[in-house]
Amino acid sequence: MNRLAIVGAGPRGTGLLERIAANATELLPADRPLHIHLIDPHPPGAGRIWRHDQSPLLRMNSMAEDVTMFTDERSTIDGPVRPGPSLAEWALRQREFAPYREVADPAVRAELDTLAPTDFPTRRAQSAYLDWVFRRAVADLPPHVTVTVHRDTVQRIDGPADGPQTVHLADRTLTADHVVLTLGHLDSTPHPRYAADADFAARHGRFHLPPAYSADADADLDGIAPGEHVVLRGLGLASVDLVALLTEGRGGRFEPASAGLRYRPSGREPVLHLGSRRGVPYHSKTGYRLQGPPAPLPRYFDAAAVDAALATEGPLELRRDFWPLMAKETAFGHYHELFHAHPERTTLPWSEFLARYDRHDWYSPRLAALIAEAVPDPADRIDFERLDHPLAGLELGSADELQQHLRAYVTADADRRADPAHSADLGAFLALLSLFGQLPRILATGRLTARSVAEEVDGWFFGYFSHLASGPPGFRLRQLLALSEAGVVRFLGAGVRTERDEATGTWRACGDTVPGHTVTVTALVEAYLPKHQLARTLDPVLRALHRAGRIVEEVVADEEYTHRSGLVTIAPGDSQLLDPALDGAPHPRRTALGPHTSLRAAAAFARPRTDSPGFRQNDAAARALLRALAALPAAALAA
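Being a predicted model, the structure only gives us computed values, none of them experimental.

Undergrad: Now, about the overall build of the chain: what can you tell me, with residues and values included?
TA: Helix and strand counts for the chain come out as 19 helices and 21 strands. A principal-axis box enclosing the C-alpha atoms of the chain has dimensions of 80 × 65 × 60 Å. For the chain, with 639 residues in total, the buried portion stands at 56%. The long-range fraction of contacts in the chain, counting pairs at least 24 apart against all pairs at least 6 apart in sequence, stands at 75%.

Structure (structure tokens):
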């Protein structure tokens, strides 16, 4: 019997299991039975990040209809397409989808019973969906493939490249012919740049929280006292969650008001000073659907365009060689929706506009002139640079002016993202998502300079993508406005930085938007999601493999720059771990999938009909695994 160990049973491990179920009949003969050991201390399906055991205040930042774990007619995979329901479809007709099991939590049951496709579900609702997806994947396995779930943590794996692997759990060992690490989002010890603030807090009895996942940070927040002044450095999703936990999570409540929402404090809240490099929250997710037909994507940033760029000689850079194509693609999605859904705000027929749009590069003055001619209202045009730095060059005279300015900015953003009249923003969002169809391939070629990978891909682009496309639901911005009006939240503006004052044991925070203005606080929260770093990983199996020299951190280097990404290096295609002990060759018995690996931007779940790169990776890895297991001589199988 073949034996496979999958270490990590969250969405990535579940997605791999679903692809094994889809491909096993074709690639693994019935006379070669396979037993799968699925190992995770957290519940299978949901895993750690999406486990039910977290605050009901925590929400997804995707609408229910935009979350799926299943391939569909748009999937470009070699294995069978096995359609399945989105979260919204599953919630509406749970009893129709086998294997049905009533959701245990009454609050989650009530939420699912009334969940609209355009609602932003709680993470507990997603946990219930992922539990069902896992049980369906197991039910879909052919009879000669079986599964055992181990609620345990893998400490290390060892074994030869040409033989069975030994998987060491907390109090037992398993033997497997192949091991797959689908570990999901992982922790590392804090980056050294946080050490000085942590030491300062310890010396002065102050509170400091390094980057953490929201569900895990909830318990730590008890160290922040009511009324205490706190800097939250960061205005992305982690900040949104932390604000919710420190306000509504402490007994405050939001009430309808004539101008939106009013916040009624409980008296247990701290005073939250929010700032970041940009100084504004991530743009909220749109709360509507496309009003026109979907744009035919990709058009400019497709395989042919990337091939042409890769055919040139010399080193390449993302901003110089690819971003103009990426920007033009994203803007194409924007203008396709504007012209088709809101033609009254354009002055040219779409066919004429597109023919002229095709002829010019994104930063061409002729293209800018065409857009100005065809789209009279600047509010209907897309401006990537302004979107990237909305407070650039702005200097205000007082903190009160800043509060007023940011409230107006947040109000305008929330209004725009809730108004289908601006559905061109959703067209741009969908085109922006399509960029990930080619971006991993560019990275895999190794043609980008090391500095470009570090500063333009891992630094700028992924942050910019999150700012534009991975923000919170619109109601979170409405809540932020209410908290600002109540004085619980105070905005710090752009370019926020902090200094430690040893004499008083406090931090002073300031920004660029109000020169000379500072605030003094006794708590500092790094309101970012943690970024995994292999050299500092807290995951025991990765730590053991790294110390033994059996995995390698991705390092991109050239004559001018060296970039250590912190990611585990895997081989393109079949995702096998590169092993320094094998002269850097792929280990034939070890595979890794997920955000801790060098294949970037492969999310574990996706919007329907977007040809998810993560689903493509899962399918390719599953097929490679099944072929490899089927080819093993019977005498060499794990006992």
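Past the structure itself, the notes keep going.
Undergrad: Explain helix 9 (residues 318–341) residue by residue, including any values.
TA: Taking 1.5 Å per residue, 24 residues should reach 34 Å; helix 9 reaches 32 Å between its end C-alpha atoms and fits that length. Within helix 9, 18 of the 24 residues are buried, which leaves it mostly tucked inside the rest of the structure.

Undergrad: Go over the packing of aromatic side chains with me, naming the residues and quoting the values.
TA: Across all of its chains, the model carries 28 aromatic pairs by this definition. The interplanar angle of 90° and the centroid separation of 5.1 Å between the aromatic rings of W323 and W460 together place this pair among those described as edge-to-face. A residue pair is termed long-range when its members are at least 10 positions apart, and W323 in helix 9 and W460 in helix 16 (residues 450–469) qualify at 137 residues. The exposure classification of W323 matches that of W460, with both residues buried. Aromatic rings pair up to connect W323, W362, Y363, F384, F436, W460, F461, F462, Y464 and F465 into one cluster. Between the NZ or CZ atom of R319 and the centre of the ring of W460, over which it lies, the distance is 3.8 Å. The ring of Y357 has K328 sitting right over it, with the charged end atom 5.4 Å from the ring centre.

Undergrad: Give me the lowdown on the sheet that holds strand 15 (residues 506–510), citing residues and values where you can.
TA: Reading across from one edge, 14-15-16 is the order of the 3 strands in this open sheet, with antiparallel pairing throughout. Edge strands, defined here as strands with exactly one partner in the open sheet, are strand 14 (497–501) and strand 16 (518–521). Each strand axis lies, on average, 25° off the axis of its neighbour in the sheet, ignoring direction. For strand 14 and strand 15, the ladder comprises 5 bridges, and the chain directions are antiparallel. The partner of T498 across the bridge, within strand 15, is A509.

Undergrad: Requested: an account of the pattern of salt bridges, with residues and values cited.
TA: Under the criterion given, the structure shown has 41 salt bridges. One salt bridge in this structure joins E499 and R508, with 3.4 Å as the shortest N-O distance. Classification of E499 by relative accessible area gives partly exposed; the value is 47%. Classification of R508 by relative accessible area gives partly exposed; the value is 31%. Overlapping salt bridges, with partners in common, bring together R48, R51, D187 and D216 in one network.

Undergrad: Residues and numbers for the side chain of E18, please.
TA: With respect to the element layout, E18 can be found in helix 1 (residues 11–27). Taking relative accessible area as the criterion, E18 reaches 8% and is therefore assigned buried. Setting aside chain neighbours within four positions, we find E18 in contact with F70, R82 and A137.

Undergrad: I'd like a rundown of the packing of helix 9 against helix 14 (residues 424–434), residues and numbers included.
TA: Taken N-terminus to C-terminus, the directions of helix 9 and helix 14 make an angle of 150°; their axes are 7 Å apart at the nearest point. Handedness of the helix 9/helix 14 crossing: right-handed. Contacts between helix 9 and helix 14 involve E329, T330, G333, H334, E337 and L338 on the former and, on the latter, A424, D425, G427, A428, A431, L432 and S434. Across the contact of helix 9 with helix 14, the residue classes break down as 5 nonpolar, 5 polar and 3 charged.

Undergrad: I'd like a description of the nonpolar core, backed by residues and values.
TA: By size, the foremost hydrophobic cluster in this structure holds 54 residues, and its most contacted members are F322, Y335, F353, Y357, W362 and F461. Within the residue set of this core, elements represented by two or more residues are helix 8 (303–310), helix 9, helix 10 (350–359), helix 11 (365–374), helix 14, helix 15 (439–445) and helix 16. Leave out the neighbours within four places in its chain, and F461 touches L318, W323, M326, L435, F436, L439 and E456. Residues L235, L245, L274 and A414 belong to the second largest nonpolar core, which totals 39 residues.

Undergrad: Explain helix 1 to me, using residue names and the numbers behind them.
TA: Between its first and last C-alpha atoms helix 1 spans 23 Å; for 17 residues at 1.5 Å apiece the expected length is 24 Å, and the two agree. Most pronounced at A21, the bend in helix 1 amounts to some 30°. The buried fraction of helix 1 amounts to 15 of the 17 residues, a majority that puts the element mostly inside the structure.

Undergrad: Tell me what's going on with the sheet that holds strand 5 (residues 165–168), and back it up with residues and numbers.
TA: For sheets, the rule is that strands pair by backbone hydrogen bonds, running either parallel or antiparallel. As summarised here, the arrangement of the 3 strands in space is 4-5-6, forming an open sheet in which the pairing is antiparallel. Single-partner strands in this sheet number two, and they are strand 4 (156–158) and strand 6 (173–176). With direction set aside, neighbouring strand axes in the sheet form an average angle of 20°. Where strand 4 and strand 5 come together, 3 bridges link them in antiparallel fashion. The residue bridging D158 from the neighbouring strand is T166, located in strand 5.

Undergrad: I'd like a rundown of the pairing of strand 21 (residues 585–592), residues and numbers included.
TA: Across a regular strand the side chains alternate sides, sitting on one face of the sheet and then on the other. Relative to strand 21, strand 7 (residues 178–181) runs parallel, the two being bridged by 3 bridges. Paired with L181 across the strands is A592, a residue of strand 21. As defined by bridge partners, strand 20 (residues 576–579) adjoins strand 21 across 3 bridges and the pair is classed as antiparallel. The partner of L578 across the bridge, within strand 21, is P586. Counting the residues in the hairpin turn of strand 20 and strand 21 gives 5 residues, including D583, whose phi is positive at 60°.

Undergrad: Go over the pairing of strand 18 (residues 553–557) with me, naming the residues and quoting the values.
TA: One ladder, built from 4 bridges, connects strand 18 with strand 19 (residues 562–568); its direction is antiparallel. By the bridge assignment for strand 19, E553 is matched with V568.

Undergrad: Summarise unusual backbone geometry; cite the residues concerned and give the values.
TA: Of note, the bond from A98 into P99 is cis; its omega dihedral lies within 30 degrees of zero at -10°. Here the residue pair L297 and P298 is connected by a cis peptide bond, since its omega of -5° sits within 30 degrees of zero. Within the secondary structure, P298 is located in the loop between strand 12 (271–275) and helix 8. Phi angles above zero are rare outside glycine, and D583 is one such case at about 60°. In this fold, D583 is placed in the loop between strand 20 and strand 21. Given a relative accessible area of 78%, D583 falls into the exposed group. A positive phi is found at R609, a non-glycine position, where the angle reads about 60°.

About the criteria used
- Within any chain, residue numbers begin from 1 and follow the written order of that chain's sequence.
- pLDDT decides what is reported in this predicted model: residues at 70 or higher carry local features, side-chain atom pairs at 80 or more are listed and counted, and totals for whole chains, interfaces and linings draw on all residues regardless.
- With hydrogens and water excluded, all non-hydrogen atoms of the structure serve as input to the side-chain values.
- By the criteria applied, helices consist of DSSP H or I runs no shorter than four residues and strands consist of E runs no shorter than two, each listed in order from the N terminus.
- In this scheme, a residue with accessible area under 20% of its type's maximum is buried, one over 50% is exposed, and one in between is partly exposed, where area comes from a 1.4 Å probe on protein chains only.
- Contacts are assigned to residue pairs that have any heavy atoms within 4.5 Å of one another.
- Helices are assigned an expected span. That span is 1.5 Å times one less than the residue count.
- Each Phe, Tyr or Trp ring, with Trp reduced to its six-membered ring, pairs with another whose centre is within 6.5 Å; inter-plane angles below 30 degrees give stacked pairs, above 60 give edge-to-face pairs, and intermediate values give tilted ones.
- In this analysis the charged atom, NZ for Lys or CZ for Arg, is taken to sit over a ring once it is within 6 Å of the ring centre and within 35 degrees of the ring normal.
- Strand pairing follows a simple DSSP-based rule, namely that at least 2 bridges must link the two strands.
- Angles run from 0 to 180 degrees between N-to-C directions of axes, and those axes are lines fitted to C-alpha atoms, restricted for helices to the stretch in contact.
- Throughout this description, the term salt bridge denotes a Lys or Arg side-chain nitrogen within 4 Å of a carboxyl oxygen of Asp or Glu.
- A crossing counts as left-handed when the near helix is turned anticlockwise from the far one by less than a right angle, and as right-handed when that turn is clockwise.
- Only Asp, Glu, Lys and Arg are considered charged in this grouping, and only Ala, Val, Leu, Ile, Met, Phe, Trp, Tyr, Cys and Pro are considered nonpolar; every other residue, Gly among them, is considered polar.
- Among the buried residues, those of types Ala, Val, Leu, Ile, Met, Phe, Trp, Tyr and Cys that are joined through side-chain atoms within 4.5 Å form a nonpolar core.
- A residue's bend is simply the angle between two axes: one fitted to the seven residues ending at it, one to the seven starting at it.

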